[in-house]
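# Results of the structural survey
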Amino acid sequence: MAFLRDMCRAAAIAVAAAGLAGAGVAEAQTQGTIKIGVLHSLSGTMAISETTLKDTILMMVDDLNKKGGLLGKKVEAVVVDPASNWPLFAEKARDLLANQKVAAVFGCWTSVSRKSVLPVFEELNGLLFYPVQYEGEESSKNVFYTGAAPNQQAIPAVQYLMGEEGGAAKRWVLEGTDYVYPRTTNKILEAFLKAKGVAPEDIKINYTPFGHSDWQTEVADIKKFAAGGKKTAVVSTINGDANVPFYKELSNAGIKASEIPVVAFSVGEEELAGIDTKNLVGHLAAWNYFESVKNPTNDAFIKEWHDFIKNPKRVTNDPMEAHFIGFKMWAQAVRQAGTTDVDAVRQAMYGQKVKAPSGFVAIMNTNHHLSKPVMIGEIRPDGQFDVVWQTKEAIKADAWSPYLPEDKGKIADWTYPWVCGNCTAPKYTD
């Protein structure tokens with residue numbers, strides 16, 4: 001009997017110890033952190049645009065943690081600097097996913113940086129939230145694209161300039177930085193313009209390297225092209241710090257918006273903060289958000305930004321809003337899934353809604369792109385924008401362009417029965 005009593009006592013102690021150990025694990029899980037990666041260039045040619053996006057995510061993390069964190073844990077941002085070096089983006093992404101074990105990554109600006117990291121995210125099944133307008137022609141199950149696709153920016157901007165309200169342009173200069181986003185966007189725009197009856201000789205396409213600084217020749221060529229007697233517009237896909245000398249040379253050359261309007265897809269409030277904008281008044285940008293829009297959500301967004309960054313002169317811009325939307329959707333999806341598991345969060349992302357600073361409700365679609373409004377703004381003397389045109393409702397992004405013959409019939413839909421980002425028939429399984 002004594003032997004049995006001792007065995008029972010030992011078993012009870014073991015059960016109690018196991019319970020305490022389990023409680024310890026549960027407590028450790030509760031007290032632990034959820035890591036996210038921040039993959040933005042803080043040096044090099046793209047730092048002018050990307051540093052603010054790093055700060056935006058830090059603001060969102062700070063706000064989330066002040067409200068109790070996520071799943072009972074604090075969220076920790078792991079910040080790295082890929083330094084505008086495209087192969088380095090892939091190295092940093094691999095470290096974040098494989099070694100830092102981050103639950104999601106918020107990052108990239110240029111399409112070449114996104115293309116660089118894409119194989120890493122697909123190999124390691126990570127989640128990337130990409131916040132910048134881009135050329136489309138992609139839908140990966142490992143990427144949520146929170147910036148604009150071409151039908152949410154490039155196409156509406158050109159349609160505006162073609163119309164009477166935008167000046168009825170007949171000739172077109174497609175001026176871009178030499179990499180995948182401008183080249184693919186301009187391929188789509190060229191096909192669109194030709195479909196609208198624009199003659200090939202009325203379309204001029206030119207590319208310059210990242211960081212290009214001497215714009216005299218290019219701007220002189222634009223003036224010469226516009227001297228043919230037809231109303232000419234410039235569509236700019238120039239990226240990064242090359243925009244500063246480009247706009248300065250436009251001013252030096254006396255190019256006024258009333259004569260040759262420039263519509264930019266990568267110039268927002270942050271880029272204009274380093275330029276004397278008085279001579280650029282009237283030139284345009286196409287985005288899904290401008291700081292100048294008036295609504296309570298935007299007022300709160302701007303106040304939160306100024307309170308966090310401790311500088312009332314720091315502006316907000318469209319890619320910041322895209323990160324705001326993406327981060328909030330990710331947090332909502334994690335709560336809904338009850339876990340940071342990538343596959344569970346991916347499923348929970350579909351249909352997520354966020355009241356955005358644009359004044360619209362952003363919706364995540366099953367093609368991993370958002371429904372967003374389109375806005376065209378005119379540059380003001382203070383470096384802000386007056387919204388001169390916008391859609392009445394949010395526009396669903398097209399991952400594949402209807403203007404490219406090779407895209408005919410392509411579907412991006414990561415839910416049954418399609419389960420693919422690029423197919424012309426249902427796949428049924430992942």
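Residues numbered from 1 in each chain as written. Predicted model: local features only at pLDDT ≥ 70, side-chain atom pairs only at ≥ 80, totals over all residues. Heavy atoms only, no water.

## Quick look at the overall build of the chain
- On a plain count of helices and strands, the chain comes out with twelve helices and 18 strands.
- Taking 22 Å as the expected radius of gyration for a compact globule of 430 residues, we find that the chain reaches 25 Å, a close match to that expectation.
- Taken over the C-alpha atoms alone, the chain extends approximately 110 × 50 × 40 Å along its principal axes.
- Put simply, the chain has 45 plus and 49 minus side-chain charges, and the middle of one group is 3 Å from the middle of the other. (Helix = DSSP H or I, 4+ residues; strand = E, 2+ residues; numbered from the N terminus. Rg over C-alpha atoms; globule rule 2.2 N^0.38 Å. Lys, Arg positive; Asp, Glu negative; His and termini not counted. Charge placed at Lys NZ, Arg CZ, Asp CG, Glu CD.)

## Things to note about the packing of aromatic side chains
- Applying the stated criterion across every chain, the model contains 20 aromatic pairs.
- Ring centres of Phe106 and Phe129 lie 4.9 Å apart, and the angle between their planes is 15 degrees; this geometry places the pair in the stacked category. In this pair, Phe106 sits in strand β3 (residues 104-107) while Phe129 sits in strand β4 (residues 128-130), placing the two residues 23 residues apart along the sequence. Accessibility classification places Phe106 together with Phe129 in one group, the buried group.
- Clustering of aromatic rings is evident, with ring pairs tying together Phe106, Phe129, Phe144, Phe327, Trp330 and Tyr350.
- Sitting over the ring of Trp400, Lys410 keeps its end group 4.4 Å from the ring centre. (Phe/Tyr/Trp six-rings, centres within 6.5 Å; stacked < 30°, edge-to-face > 60°. Buried < 20%, exposed > 50% of the residue type's maximum accessible area, 1.4 Å probe, protein only. Lys NZ or Arg CZ within 6 Å of the ring centre and 35° of its normal.)

## A short note on the sheet that holds strand β12 (residues 361-364)
- Spatially, four strands are ordered β11-β12-β13-β16 in an open sheet, and the strand pairing comes out antiparallel. In the strand order of this sheet, the two ends are held by β11 (353-355) and β16 (395-396), each with one partner.
- Sheet topology places strand β13 (residues 370-372) next to β16; two bridges connect them, and they run antiparallel. Bridge pairing in β16 links Ser371 to Lys396. (Pairing = 2+ DSSP bridges.)

## Overview of the sheet that holds strand β5 (residues 143-145)
- Strand order in the open sheet made by the five strands is β2-β1-β3-β4-β5, with parallel pairing throughout. Each end of this open sheet is capped by a strand with a single partner; those strands are β2 (74-80) and β5. Pairwise comparison of adjacent strand axes, ignoring direction, gives a mean angle of 25 degrees for this sheet.
- Bridge analysis of strand β1 (residues 33-39) against β2 gives seven bridges, and the strand direction is parallel. Bridging from a neighbouring strand, Val38 pairs with Val79 of β2.
- Contacts from helix α2 (residues 47-66) reach β1, β2 and β3 within the one sheet, and its direction differs from that of β2 by about 165 degrees.
- Strands in contact with helix α3 (residues 86-99) are β1, β2 and β3; relative to β1, the strand with the most contacts, it is inclined by about 180 degrees. (Axes fitted to C-alpha atoms, helices over the stretch in contact; angles between N-to-C directions. Contact = heavy atoms within 4.5 Å.)

## Brief notes about the state of the cysteines
- According to the stated counting rule, one finds one disulfide in the structure shown.
- One disulfide bridge connects Cys420 with Cys423, the sulfur atoms lying 1.8 Å from each other. Accessibility assignment for this pair places Cys420 and Cys423 in one class, buried. (Disulfide = S-S within 2.5 Å.)

## So, the pattern of salt bridges
- All chains considered together, the criterion is met by 18 salt bridges.
- We note a salt bridge from Asp202 to Arg171, for which the minimum N-O separation is 2.8 Å. Of this pair, Asp202 sits in the loop between α6 (180-195) and β7 (203-208) while Arg171 sits in strand β6 (residues 171-177), placing them 31 residues apart in sequence.
- When its relative accessible area of 7% is taken as the criterion, Asp202 is described as buried.
- Among the ionic contacts, a cluster of salt bridges with common partners joins Arg114, Lys115, Glu135 and Glu138. (Salt bridge = Lys/Arg side-chain N within 4 Å of Asp/Glu carboxyl O.)

## Concerning the packing of α2 against helix α10 (residues 296-309)
- Two elements in contact, α2 and α10, have axes separated by 10 Å at closest approach and are oriented at 95 degrees. Relative to α10, the element α2 lies roughly perpendicular. Contact residues: α2 offers Thr52, Asp55, Thr56, Leu58, Met59, Asp62 and Asp63, while α10 offers Phe301, Glu304, Trp305, Phe308 and Ile309.
- Of the residues assigned to the contact of α2 with α10, the class counts are six nonpolar, two polar and four charged. (Parallel < 35°, antiparallel > 145°, perpendicular 65-115°, else oblique. Nonpolar A, V, L, I, M, F, W, Y, C, P; charged D, E, K, R; others polar.)

## Examining the packing of helix α7 (residues 216-226) against helix α8 (residues 243-252)
- Viewed as axis vectors pointing N to C, α7 and α8 meet at an angle of 50 degrees, and their least axial separation amounts to 10 Å. Taken as axis vectors, α7 and α8 run oblique relative to one another. As α7 runs across α8, the sense of the crossing is right-handed. Touching Gln216, Val219 and Ile222 of α7 are Phe246, Glu249 and Leu250, all from α8. (Left-handed = near helix turned anticlockwise from the far one by under 90°.)

## Points about α2
- Spanning 20 residues, α2 covers 28 Å between terminal C-alpha atoms, matching the ideal 28 Å at 1.5 Å per step.
- Following α2 by one or two positions, Gly68 has its phi on the positive side, about 110 degrees. (Expected span 1.5 Å × (residues − 1).)

## Some details on α3
- With 14 residues, α3 extends 20 Å between its outermost C-alpha atoms, agreeing within 8% with the 20 Å of an ideal straight helix rising 1.5 Å per residue.
- Within α3 the residues assigned to the buried category are Trp86, Phe89, Ala90, Ala93, Leu96 and Leu97. With its buried residues spanning 130 degrees around the axis, α3 presents them on a single face. Away from the buried face of α3 by more than 90 degrees, exposed residues Pro87, Glu91 and Asn99 are located.
- Contacts from the buried residues of α3 go to β1, α2, β2, β3 and α4 (111-124).
- Where α3 ends, the next residue or the one after it, Lys101, has phi of about 55 degrees, a positive value. (Arc of directions from axis to C-beta.)

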